[in-house]
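Letter by letter, the chains look like this.
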Amino acid sequence: SMPTYGHALVRVRLPGGLVLQAAFHPQEAVGAVLAEVRGCLSPTLQSAQPYLFVTPPRRVLDVSLSLAAAGLVPAATLLLGFDPPVRAGAAGSTPSEVLSARALTLLAAPPDAAAAPQPSFPSALNLPSRSAAGGGGALAPPLGSTSGEAAAAGKGKERKVPKWLQR
């Protein structure tokens with residue numbers, strides 16, 4: 001049986017290296033993601049007919065499909081394209097050239113955990129984000145390392161070497 005997911009984590013790469021990230025219900029249409037992205041674009045880029053695609057191979061997404069039907073569940077990274085293509089310099093390289101005033105306000109606001117609930121992931125997967133939202137996270141300790149309490153509790157014990165590692 002196939003697993004069921006309560007949300008789809010979607011990242012969209014915008015011009016200028018910005019990344020927009022949001023969680024959607026798996027049955028929401030790809031058009032809902034595009035509408036959210038359009039709302040974050042500057043008026044100049046909104047008028048350039050944006051569309052979403054995945055690669056490789058390059059596949060333009062049908063806005064009428066659900067995220068699940070489009071194969072974007074449990075998570076996906078989409079790219080934003082424009083039809084007709086936007087000139088290289090017209091897409092901008094700074095957030096103020098790419099994002100709408102509303103998105104710039106959200107970008108400048110300090111992250112508020114109560115305002116934007118995040119899905120609960122294991123701490124090892126909750127890595128610091130380089131997205132446009134500037135969301136943070138915590139890194140889990142590296143595998144094999146111990147916490148301070150565990151190290152203090154076993155301080156007097158000698159570590160045994162596994163047989164397969166002995167010479």
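Structure shown above.
Residues numbered from 1 in each chain as written. Predicted model: local features only at pLDDT ≥ 70, side-chain atom pairs only at ≥ 80, totals over all residues. Heavy atoms only, no water.

Chemist: I tried to follow the pairing of strand E3 (residues 50-54) on my own but got confused; where do I start?
Modeler: The side chains of a regular strand alternate between both faces of the sheet. Within E3, four of the five residues are buried, which leaves the element mostly enclosed by the surrounding structure. Across two bridges, E3 lies against strand E4 (residues 59-60) in antiparallel orientation. By the bridge assignment for E4, Val 54 is matched with Arg 59. Following E3, the chain reverses through four residues before pairing antiparallel with E4. (Buried < 20%, exposed > 50% of the residue type's maximum accessible area, 1.4 Å probe, protein only. Helix = DSSP H or I, 4+ residues; strand = E, 2+ residues; numbered from the N terminus. Pairing = 2+ DSSP bridges.)

Chemist: Would you explain unusual backbone geometry in this entry?
Modeler: Backbone torsion omega between Pro 56 and Pro 57 reads -20 degrees, so that peptide bond is classified as cis. Tracing the backbone through its elements, the reader meets Pro 57 in the loop between E3 and E4. For the peptide bond that leads from Val 73 to Pro 74, omega is 10 degrees, which places it in the cis range. For Gln 49, which is not glycine, the phi dihedral falls at a positive 55 degrees. The exposure class of Gln 49 is partly exposed, given its relative accessible area of 45%.

Chemist: When you look at the side chain of Ser 66 in this model, what are you seeing that I'm missing?
Modeler: Positionally, Ser 66 belongs in the loop between E4 and strand E5 (75-82). Among the polar contacts listed, one links the side chain of Ser 66 to the backbone nitrogen of Ala 69, at a separation of 3.0 Å. With near-sequence residues (within four places) excluded, Ser 66 lies in contact with Pro 26, Gln 27, Glu 28, Ala 29 and Val 30. (Polar contact = N/O pair within 3.5 Å; in protein donor to acceptor, adjacent residues only side chain to side chain. Contact = heavy atoms within 4.5 Å.)

Chemist: Looking at this model, I keep getting lost on the layout of surface pockets. Mind explaining?
Modeler: Any space left empty among the atoms is revealed by the rolling of a water-sized probe across them. Each pocket or cavity is described by its volume, and for the second largest pocket that value is around 170 Å³. Forming the boundary of the second largest pocket are Met 2, Pro 3, Thr 4, Tyr 5, His 25, Pro 26, Gln 27, Ala 68, Gly 71, Leu 72 and Val 73. A per-class count over the lining of the second largest pocket returns seven nonpolar, four polar and no charged. (1 Å grid on protein atoms, 1.4 Å probe; cavity = no way out; pocket = protein on both sides within 12 Å on 5 of 7 lines; lining within 4 Å. Points joined across faces, edges and corners; volume = space filled by probe spheres on them. Nonpolar A, V, L, I, M, F, W, Y, C, P; charged D, E, K, R; others polar.)

Chemist: Please explain the pattern of salt bridges as it appears in this structure.
Modeler: Oppositely charged side chains may form a pair once their charged atoms are brought near each other. All told, the structure shown has one salt bridge when counted by the stated rule. Put simply, Arg 102 and Glu 36 hold a salt bridge, and the shortest N to O gap is 3.9 Å. Note that Arg 102 is positioned in helix H4 (residues 101-108) and Glu 36 in helix H1 (residues 30-40), a separation of 66 residues in sequence. The exposure class assigned to Arg 102 is partly exposed, which follows from its relative accessible area of 42%. When its relative accessible area of 35% is taken as the criterion, Glu 36 is described as partly exposed. (Salt bridge = Lys/Arg side-chain N within 4 Å of Asp/Glu carboxyl O.)

Chemist: For this particular structure, what's the right way to read the sheet that holds E3?
Modeler: The pairing of strands in a sheet comes from backbone hydrogen bonds and takes either a parallel or an antiparallel form. The strand order E2-E1-E5-E3-E4 describes an open sheet built from five strands, whose pairing is mixed. Looking at the sheet topology across the chains shown, the edges are occupied by strand E2 (19-24) and E4.

Chemist: Can you walk me through the side chain of Ser 100 in this structure?
Modeler: Relative to the helices and strands, Ser 100 resides in the loop between helix H3 (95-98) and H4. For Ser 100, a relative accessible area of 10% translates into the label buried. Here the side chain of Ser 100 touches Gly 39 through a polar contact of 3.1 Å, landing on its backbone oxygen. For Ser 100, the residues in contact, after removing those within four places along its chain, are Gly 39, Cys 40, Leu 41 and Ser 42.

Chemist: Explain empty space enclosed by the protein here, please?
Modeler: For the structure shown, the criterion picks out one cavity of 30 Å³ or more. In this model, the largest cavity occupies a volume close to 40 Å³. If you go around the largest cavity, the residues you meet are Val 10, Val 12, Leu 20, Gln 21, Ala 22, Phe 24, Val 33, Glu 36 and Val 37. Broken down by secondary-structure element, the contributors of at least two residues to the lining of the largest cavity are strand E1 (8-13), E2 and H1. Among the elements that line the lining of the largest cavity, the one with the most residues is E2, at four residues. Class assignment of the residues belonging to the lining of the largest cavity gives a composition of seven nonpolar, one polar and one charged.

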